[in-house]
Amino acid sequence: EVQLVESGGGLVQAGGSLTLSCAASGFTFDDYARGWFRQAPGKEREGVACITSGDGISYYANSVKGRFTISSDNAKNTVYLQMTSLKPDDTAAYYCAANYMGSCSGGYDYWGQGTQVTVSS
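An account of the accompanying structure is given in this report. (Residues numbered from 1 in each chain as written. Predicted model: local features only at pLDDT ≥ 70, side-chain atom pairs only at ≥ 80, totals over all residues. Heavy atoms only, no water.)

## Let's talk about the overall build of the protein chain
Now for step 1: Assigned secondary structure in the protein chain consists of zero helices and eleven strands.
Now for step 2: Relative to the compact-globule value of 14 Å for 121 residues, the protein chain shows a C-alpha radius of gyration of 13 Å, a close match.
Now for step 3: Each of the three principal axes of the protein chain carries a C-alpha extent, and together these read 40 × 30 × 25 Å.
Now for step 4: Relative to its 121 residues, the protein chain shows a buried fraction of 43%.
Now for step 5: Residue pairs at least 24 apart in sequence account for 56% of intrachain contacts in the protein chain once pairs closer than 6 positions are excluded.
Now for step 6: The centroid of the 8 positive side-chain charges in the protein chain is displaced by 9 Å from the centroid of its 11 negative side-chain charges. (Helix = DSSP H or I, 4+ residues; strand = E, 2+ residues; numbered from the N terminus. Rg over C-alpha atoms; globule rule 2.2 N^0.38 Å. Buried < 20%, exposed > 50% of the residue type's maximum accessible area, 1.4 Å probe, protein only. Contact = heavy atoms within 4.5 Å. Lys, Arg positive; Asp, Glu negative; His and termini not counted. Charge placed at Lys NZ, Arg CZ, Asp CG, Glu CD.)

## Structural notes on the pattern of salt bridges
Now for step 1: Applying the stated criterion across every chain yields a total of three salt bridges.
Now for step 2: Salt-bridge contacts for Arg 38 lead to Glu 46; the nearest nitrogen and oxygen are separated by 2.9 Å.
Now for step 3: For Asp 90, the salt bridge is made with Arg 38, and the minimal N-O distance between the two is 2.9 Å. Within this pair, whereas Asp 90 is found in the loop between strand 8 (78-83) and strand 9 (92-99), its partner Arg 38 is found in strand 4 (residues 33-39), the two being separated by 52 residues in sequence.
Now for step 4: A relative accessible area of 1% places Asp 90 in the buried class. (Salt bridge = Lys/Arg side-chain N within 4 Å of Asp/Glu carboxyl O.)

## Topic: the packing of aromatic side chains
The description of two aromatic rings rests on the distance between their centres and on the angle between their planes.
Now for step 1: Enumeration over the complete set of coordinates arrives at eight aromatic pairs.
Now for step 2: Measuring from centroid to centroid gives 5.9 Å for Tyr 32 and Tyr 110, while their planes differ by 45°, and the two rings are tilted. Of this pair, Tyr 32 sits in the loop between strand 3 (18-25) and strand 4 while Tyr 110 is found in strand 10 (residues 110-111), placing the two residues 78 residues apart along the sequence.
Now for step 3: Judged by relative accessible area, Tyr 32 falls into the buried class, the value being 10%.
Now for step 4: Both rings, one in Phe 37 and one in Trp 111, keep their centres 4.9 Å apart while their planes meet at 50°; by these two values the pair is tilted. Of the two residues, Phe 37 is situated in strand 4 and Trp 111 in strand 10; the sequence distance between them amounts to 74 residues.
Now for step 5: Members of the aromatic cluster, connected to one another through ring pairs, are Phe 27, Phe 29, Tyr 32, Tyr 100 and Tyr 110. (Phe/Tyr/Trp six-rings, centres within 6.5 Å; stacked < 30°, edge-to-face > 60°.)

Written out as C-alpha cells, the structure reads:
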C-alpha cells in the first residue's frame, strides 16, 4: 500500500517553532520529489517547500525562506519540515506529496491526509 502520513502539527505561539513529519510507506520516498503544501480555509493551496530526487535540490516559497527547512531521513523514509519564527499567516493545513518524475513542478502522484498548524498571535 502506498501511503503518506503527516504528523507534528498543533497550536503554537507566534515566534515559536514546529517540525512536521511525513512518513512514506509502500515506496521509496527519496526516489520521488518530496513537497510540502499548505492550504488555509478559503485560500488556494500553496507550495511551501520541495526537495528533488537525485540531486536533492531544495526550493522554498518566498514567504517561508529563511524560516522553514525541508530535510529527509532516507533510512526512515521520512521527510521533515522544520518551521521557525512562525507567524499567524502560517496557519493552514499542511500536506506532503510525492512526485514520481522527481521534479518539484507539475503534478504530484501521492498525497498525505494533512496536519493542522495553528499559530496564535
